[in-house]
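Understanding the architecture of this molecule
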Amino acid sequence: MIPIGRAAELFIGDRETGKSSVAIDAIINQKGGDVICVYVAIGLKASTVAGIVETLAARRHGLHDRRQRHGQ
């Protein structure tokens, strides 16, 4: 993680190292705070971005991850 502004971070690393998971967890943990989170998905497949949006939307509404509900 590289700080790029006031309490901002840039995640750089190899593929499949969990950067998106860490970023999504950080966004979810900011819920209820006076914070604006921006997730930039340059180079990700549309289906991957759709999954991230679905996860964040579900968490926003207090729902569990769809994969957890279906036992996947």
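All figures in this text were calculated on a predicted structure; none of them were measured in a lab.

Overview of the confidence of the model for the chain
Scored by pLDDT, the chain comes out at a mean of 76, with 75% of its residues at no less than 70. The element-level mean pLDDT for the chain is lowest in helix α3 (residues 66-69), coming to 47, with helix α2 (residues 46-60) highest at 88.

Considerations on the packing of helix α1 (residues 19-29) against α2
Where α1 contacts α2, the axes come no closer than 11 Å and their chain directions differ by 25°. Here α1 is positioned roughly parallel relative to α2, judged by the angle of their axes. Note on packing geometry: the crossing formed by α1 with α2 is right-handed. Facing α1, whose interface residues are I24, I27 and I28, α2 presents I52, T55, L56 and R59. Taken together, the residues of the contact of α1 with α2 sort by class into 5 nonpolar, 1 polar and 1 charged.

Thoughts on the environment of A41
Relative to the assigned elements, A41 resides in the loop between α1 and α2. On the basis of relative accessibility, which here comes to 24%, the residue A41 falls in the partly exposed class. Expressed as a C-alpha distance, the spacing of A41 and I52, which sit 11 residues apart in the sequence, is 9.7 Å.

Section: the layout of surface pockets
Size it by volume and the second largest pocket reaches roughly 320 Å³. In this structure, the second largest pocket is lined by 13 residues; those nearest its centre are I27, I28, K31, L56 and R60. Contributions of two or more residues to the lining of the second largest pocket are made by α1 and α2. Per-element tally for the lining of the second largest pocket: the top contributor is α2, with 4 residues. Grouping the amino acids of the lining of the second largest pocket by side-chain chemistry returns 9 nonpolar, 1 polar and 3 charged.

Here we look at α2
Here α2 contains 15 residues, and its C-alpha end-to-end distance of 21 Å stays within 8% of the 21 Å for a straight helix at 1.5 Å per residue. Buried within α2 are the following residues: I52, T55 and A58. The buried side chains of α2 occupy one side of the element, clustering within an arc of 130° when seen end-on. Turned more than 90 degrees off the buried face of α2, the exposed positions are A46, V53 and R60. G62 occupies a position one or two residues after α2 and carries a positive phi of about 80°.

The rules behind the values
- Per-chain numbering applies: the sequence of each chain, read as written, is numbered from 1 onward.
- In keeping with the model being predicted, local features are shown solely for residues with a pLDDT of at least 70 and side-chain atom pairs are shown and tallied solely at 80 or more, while totals for entire chains, interfaces and linings include all residues.
- For side-chain calculations, the full set of non-hydrogen atoms in the structure is used, while hydrogens and water are omitted.
- Think of pLDDT as the predictor's per-residue confidence, scored from 0 to 100.
- Helix numbering and strand numbering both begin at the N terminus, where a helix is a DSSP run of H or I of at least 4 residues and a strand a DSSP run of E of at least 2.
- Throughout, an axis means a line fitted to C-alpha atoms (over the contacting stretch in the case of helices), and angles, computed between N-to-C directions, take values from 0 to 180 degrees.
- Orientation is classified from the angle alone, with under 35 degrees giving roughly parallel, over 145 giving roughly antiparallel, 65 to 115 giving roughly perpendicular, and any other angle giving oblique.
- In this scheme the handedness of a crossing depends on how the near helix is turned from the far one: anticlockwise by less than a right angle means left-handed, clockwise means right-handed.
- In what follows, residue pairs with any heavy atoms lying within 4.5 Å of each other are defined as contacts.
- Note on residue classes: Ala, Val, Leu, Ile, Met, Phe, Trp, Tyr, Cys and Pro are nonpolar, Asp, Glu, Lys and Arg are charged, and everything else, Gly too, is polar.
- Each residue is placed in one exposure class: buried if its accessible area under a 1.4 Å probe, protein chains only, is under 20% of its type's maximum, exposed if it is over 50%, and partly exposed if it falls in between.
- Buriedness for pockets is judged along seven lines, at least five of which must meet protein on both sides within 12 Å for an open set on the 1 Å grid over protein atoms alone, while cavities are sets there where a 1.4 Å probe fits but cannot get out, and lining residues have an atom within 4 Å of a point.
- Grid points are joined across faces, edges and corners, and a volume is the space filled by probe spheres set on the points.
- Multiplying one less than the number of residues by 1.5 Å gives the expected span of a helix.
- Here the arc refers to the set of directions running from the helix axis out to each C-beta atom.

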